[in-house]
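Working through the structure, step by step
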Amino acid sequence: MSLVEETYQQAIAAMTPTERLSRMHGMLHWVRDSYARQLREQLGDVSEERLKWEVALRFYSGDRRAQALIERKLREFT
């Protein structure tokens, strides 16, 4: 393990559960916003509701059942 990785692991281990949850929430929010920006560039001006479902489609791309449900919902916007 590199010094950087070891330092990172120590910093994470020193966090309280609340701090870890807050960090996770921040990272999730960052990824969601990143997907939303990319999708706005691809799709143009779409409603916030459609954008929410498009982001969800990316989040759950590895889950076939969830993907099918989301795609069904997205058909309502076309």
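Residues numbered from 1 in each chain as written. Predicted model: local features only at pLDDT ≥ 70, side-chain atom pairs only at ≥ 80, totals over all residues. Heavy atoms only, no water.

Counting residues in each nonpolar core, the largest one holds five residues, listed as Ala 36, Leu 39, Val 46, Leu 51 and Val 55. Those residues in contact with Val 46 that lie beyond four places of it in its chain are Arg 40 and Leu 51. (Core = buried A, V, L, I, M, F, W, Y, C linked by side-chain atoms within 4.5 Å. Buried < 20%, exposed > 50% of the residue type's maximum accessible area, 1.4 Å probe, protein only. Contact = heavy atoms within 4.5 Å.)

Okay, the packing of helix α2 (residues 17-43) against helix α3 (residues 48-59) next. Helix-helix packing: each pair is described by the crossing angle between the helix axes and the interaxial distance. The geometry of α2 relative to α3 is characterised by a closest axis approach of 9 Å and an angle of 115 degrees between their N-to-C directions. By the angle class used here, α2 and α3 are roughly perpendicular. Like other packed secondary-structure pairs, α2 and α3 cross with a definite hand, here right-handed. The segment α2 lies against α3, with Leu 28, Val 31, Arg 32, Tyr 35, Ala 36, Gln 38, Leu 39, Arg 40, Gln 42 and Leu 43 engaging Glu 48, Arg 50, Leu 51, Glu 54, Val 55, Arg 58 and Phe 59. Per-class residue counts for the contact of α2 with α3 are nine nonpolar, two polar and six charged. (Axes fitted to C-alpha atoms, helices over the stretch in contact; angles between N-to-C directions. Helix = DSSP H or I, 4+ residues; strand = E, 2+ residues; numbered from the N terminus. Parallel < 35°, antiparallel > 145°, perpendicular 65-115°, else oblique. Left-handed = near helix turned anticlockwise from the far one by under 90°. Nonpolar A, V, L, I, M, F, W, Y, C, P; charged D, E, K, R; others polar.)

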